[in-house]
Amino acid sequence: MGGLEDNGPPLKRVKESSEEAKISFRNSICIESPASSLGVPMPRSLHSQGDGAMTGTTGVIRKQEFVKIITRALYSLGYDRTGALLEEESGIPLHTPMVSRFMKEVQEGRWDESIVTLHEIGVSKDDVKSASFVILEQKFLELLQKGRASDALNTLRNEITPLGINVNEVHKLAARVVFHSSSAPSTNGAIPVSSRADVLEKLEKVLPPAVIVPEKRLEHLVKLALDVQRDSCVFHNTFDSEFSLYADHQCGRNKIPSQTHEILQAHSDEVWFLEFSHNGRYLASTSKDQSAIIWEVKEDGKVFLKHKLVGHQKPVSIVSWSPDDSQLLTCGQEEVIRRWSLHSGECLQVYEKPSLGLISCGWLPDGRGVLAGVTDKSIILWDVDGRELECWKGQRTIKISDMAVTSDGKKIISICRDNAVLLLDRQAKVERLMEEDQVITSFSLSRDNRFLLVNLINQEIHLWSIEGDLKVVSRYKGHKRSRFVIRSCFGGSDQAFIASGSEDSQVYIWHRSTGEHLVALPGHSGAVNCVSWNPANPHMLASASDDRTVRIWGLGSVGFKFSNANTSSNGCSNGFIHRSFGRR
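It should be emphasised that the depicted structure is a prediction, and the values quoted were computed from it without experimental measurement. (Residues numbered from 1 in each chain as written. Predicted model: local features only at pLDDT ≥ 70, side-chain atom pairs only at ≥ 80, totals over all residues. Heavy atoms only, no water.)

1. Here we look at the sheet that holds strand β21 (residues 451-456)
Logical step 1: Pairing is antiparallel in the open sheet, where four strands are placed in the order β20-β21-β22-β23. In this open sheet, the two edge strands, each paired with only one partner strand, are β20 (440-445) and β23 (471-477). The sheet shows a mean angle of 25° between the axes of neighbouring strands, taken without regard to direction.
Logical step 2: Sheet topology places β21 next to strand β22 (residues 460-465); five bridges connect them, and they run antiparallel. Looking across to β22, one finds that asparagine 455 is bridged to isoleucine 461. (Pairing = 2+ DSSP bridges. Helix = DSSP H or I, 4+ residues; strand = E, 2+ residues; numbered from the N terminus. Axes fitted to C-alpha atoms, helices over the stretch in contact; angles between N-to-C directions.)

2. Re the pairing of strand β24 (residues 488-491)
The side chains of a regular strand alternate between both faces of the sheet.
Logical step 1: Of the two faces of β24, the one holding Ser488 and Phe490 and the one holding Cys489 and Gly491 are both buried throughout.
Logical step 2: For β24 and strand β25 (residues 497-500), the ladder comprises four bridges, and the chain directions are antiparallel. Paired with serine 488 across the bridge in β25 is serine 500. (Buried < 20%, exposed > 50% of the residue type's maximum accessible area, 1.4 Å probe, protein only.)

3. Focus: the environment of alanine 420
Logical step 1: For alanine 420, the position within the fold is in strand β18 (residues 420-425).
Logical step 2: Sequence-wise, alanine 420 and valine 439 are 19 residues apart; in three dimensions their C-alpha atoms are separated by 8.1 Å.
Logical step 3: Beyond its immediate stretch of four places on either side in the chain, alanine 420 contacts Ser414, Ile415, Leu433, Met434, Glu435 and Ile440. (Contact = heavy atoms within 4.5 Å.)

4. With respect to the packing of aromatic side chains
Logical step 1: Here the structure, examined in full by the defined rule, presents five aromatic pairs.
Logical step 2: For the ring pair tyrosine 282 and tryptophan 321, a centre distance of 6.3 Å and an interplane angle of 35° mean the geometry is tilted. A residue pair is termed long-range when its members are at least 10 positions apart, and tyrosine 282 in strand β5 (residues 282-287) and tryptophan 321 in strand β8 (residues 316-321) qualify at 39 residues.
Logical step 3: Looking at tyrosine 282, the relative accessible area reads 8%, which means it is buried.
Logical step 4: Residue class for tryptophan 321 comes out buried when judged on its relative accessible area of 3%.
Logical step 5: Geometrically, the ring pair formed by tyrosine 476 and tryptophan 510 is tilted, given 5.9 Å between the ring centres and 50° between the ring planes. Taken together, the positions of tyrosine 476 in strand β23 and tryptophan 510 in strand β26 (residues 507-511) put the pair 34 residues apart, joining distant regions of the chain.
Logical step 6: Aromatic rings pair up to connect Tyr476, Tyr508 and Trp510 into one cluster.
Logical step 7: The positively charged end of arginine 512 is found above the aromatic ring belonging to phenylalanine 451, 4.8 Å away from the centroid. (Phe/Tyr/Trp six-rings, centres within 6.5 Å; stacked < 30°, edge-to-face > 60°. Lys NZ or Arg CZ within 6 Å of the ring centre and 35° of its normal.)

5. Regarding helix α7 (residues 149-160)
Logical step 1: Those residues of α7 that sit buried are Ala152, Thr155, Leu156 and Ile160. In a view along the axis of α7, the buried residues occupy a sector of 95°, so they form one face of it. Facing away from the buried side of α7 by over 90 degrees, the exposed positions are Ser150, Arg157 and Asn158. (Arc of directions from axis to C-beta.)

6. Things to note about the sheet that holds strand β14 (residues 379-383)
Logical step 1: Reading across from one edge, β12-β13-β14-β15 is the order of the four strands in this open sheet, with antiparallel pairing throughout. For this open sheet the edge positions go to β12 (358-363) and β15 (388-392), each flanked by a neighbour on one side alone. Direction aside, the axes of adjacent strands within the sheet are offset by 20° on average.
Logical step 2: Note: β12 against strand β13 (residues 369-374), five bridges, orientation antiparallel. Bridge pairing in β13 places cysteine 361 opposite alanine 372.

7. Concerning the side chain of aspartate 325
Logical step 1: Checked against the element boundaries, aspartate 325 lands in the loop between β8 and β9 (327-332).
Logical step 2: For aspartate 325, which is buried and forms no salt bridge, the nearest opposite charge comes from arginine 281, at a distance of 7.8 Å.
Logical step 3: At 2.9 Å, the side chain of aspartate 325 forms a polar contact with the backbone nitrogen of asparagine 279.
Logical step 4: Residue contacts for aspartate 325: discarding those within four places in its chain leaves Ser277, His278, Asn279 and Leu342. (Lys, Arg positive; Asp, Glu negative; His and termini not counted. Salt bridge = Lys/Arg side-chain N within 4 Å of Asp/Glu carboxyl O. Polar contact = N/O pair within 3.5 Å; in protein donor to acceptor, adjacent residues only side chain to side chain.)

8. Here's the deal with the nonpolar core
Logical step 1: Membership of the largest hydrophobic core comes to 44 residues, with the highest contact counts inside it found for Leu283, Trp295, Ile337 and Ile552.
Logical step 2: Among the elements that make up this core, the one with the highest residue count is strand β6 (residues 291-297) (five residues).
Logical step 3: If near-sequence neighbours (up to four positions away) are discounted, isoleucine 337 is found in contact with Leu329, Thr330, Cys331, Gln349, Val350, Tyr351, Leu358, Ser360, Cys361, Leu371 and Ala372.
Logical step 4: Counting 31 residues, the second largest nonpolar core, distinct from the first, contains Val106, Leu136, Leu143 and Leu163. (Core = buried A, V, L, I, M, F, W, Y, C linked by side-chain atoms within 4.5 Å.)

9. Some details on the confidence of the model for the protein
Logical step 1: Across the protein, the average pLDDT comes to 86, with 83% of residues at or above 70.
Logical step 2: Note that residues 185-193 has pLDDT below 50 and, in this model, 14 contacts with residues that lie over four places away or in other chains.
Logical step 3: Note on residues 565-574: pLDDT under 50 across the span, and 16 contacts to partners over four residues away in sequence or across chains. (pLDDT = per-residue confidence, 0-100.)

10. Comments concerning the side chain of lysine 308
Logical step 1: Relative to the assigned elements, lysine 308 resides in strand β7 (residues 303-310).
Logical step 2: For lysine 308, which is buried and forms no salt bridge, the nearest opposite charge comes from aspartate 289, at a distance of 4.4 Å.
Logical step 3: In terms of polar contacts, lysine 308 uses its side chain to reach the backbone carbonyl oxygen of alanine 266, at 3.1 Å.

11. A closer look at the pairing of β9
Logical step 1: With six of six residues buried, β9 is to be regarded as a mostly interior element.
Logical step 2: Burial of β9 is two-sided: the residues Gln327, Leu329 and Cys331 facing one way and the residues Leu328, Thr330 and Gly332 facing the other way are all buried.
Logical step 3: Examined bridge by bridge, β8 and β9 share five bridges and lie antiparallel to one another. When the bridges of β9 are listed, valine 319 appears paired with threonine 330.
Logical step 4: Where β8 folds back onto β9 in an antiparallel hairpin, the turn is made up of five residues, including aspartate 325, whose phi is positive at roughly 65°.
Logical step 5: Judged from the five bridges that link them, β9 and strand β10 (residues 337-341) form a sheet pairing that is antiparallel. Pairing of glutamine 327 across the sheet is with serine 341, part of β10.
Logical step 6: Taking the residues that link successive antiparallel strands as the turn, the β9-β10 hairpin has four residues, and the phi of glutamate 334 there is positive, at about 50°.

Written out as structure tokens, the structure is:
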């Protein structure tokens, strides 16, 4: 390269129904031991199974807590009879009688009684205050809804305010009294049960979990376990939908795209840059041959030439997809920027600066603005029709430059000096510099806008955190770089991997978090200038090389195929050449 099986989830039951079902079922159920087969019924004692303190193979799980969260999950799934059966058979009630009474009083709107019971449960004063506020707030709102503004005001003055907490919320409640007093009173009617169910959910958050077991506790623990397995899986590169609870999760090396599936041969010179569209359905490549190509990725993973874009008078150095993937920007090396239609392949607009060349390009997130780095070291912003909107002059960019815009459109990122990256906040008009000890050759912005992957002249790649304090959080080594601009990228599931080109004709892949080098992929016969990981398919990777080809990497041992501009797998035309010579 030049230059440096159920039909659906059980419905969540209304909480009153669950409580009533539990109580009635407990009163009617009679668990029989095997001796009952002789005709002698033997009811099991309520506490006969609750004596064991710990359970599990290592004895670190408290049996009572374990049973309670299982019971809570059963009720949450709507399995009321099963939940009541578990309480009865285990001898471990989900809630103490006092807590059950408290919850019943809240459900029935017996506010004063629930406050009295709350004080008897045995929680801290702060917890009592927080829970009392939740209960009394609901009492206040229901009184207002019934048109009893005077009673609501008395509750606010004599019960809520003396708690001395949540002052801002108290002011908001007071404002509601004024609003309701100035408007027509609402008709009397029963408060929907769901509103009181919401009160119980709020109480779950302010009372200790030992008092009211959180509803989603078992789901939360299972998710944490899956997260730990995923994070500890070095080769993890699958969709979360592929996880199973039946076995521990572990990906093998075969989940990394390491087999050549296709070799795309349509450029007549070195391929310098390539990038998948945001939806992963297209791939754009650029070349020293002064062209760019749009490739279409079919559902079966096969890649076909869609458009060959011709019109630049110099090598095409970089491309940028519009936010909706309907258009593509191509930037000639110190030349002009062209905007192309994905659908037709036609050039829609040419952006240029008289007597100056453009060296990088990007889009505003709304697709209404085009950004460019200019050879006079400035950054310019046009609307899509080519009208200049803004220009940031000074040392904003250099001749070999990458550009990125955060997804909120607030920050423009560009290489501004040999060893520094500029983070320009458009709204706050604040500039920050991210400085390296070595010359920076390229960079890539993570999908979440929190990290920047920086390629250095000393054959290192640094991962910078750009959220808050600027700092290097990881380093990647092993690839070769001595003369050319080599580009790297984030990729895989949750962007858990780093991939990079290399001058030794290989593609290098590292684990993002650990920095461990996982694999080097041979195949190209020239320097690999750029790589791009399909954002919609973690098992597809593309690489661009001086050997004039683009390689598509995937899983499994499959025979790769050659694809060029003239023929496809069925012998038919595989794309169109679009030429643009004029200024639009």
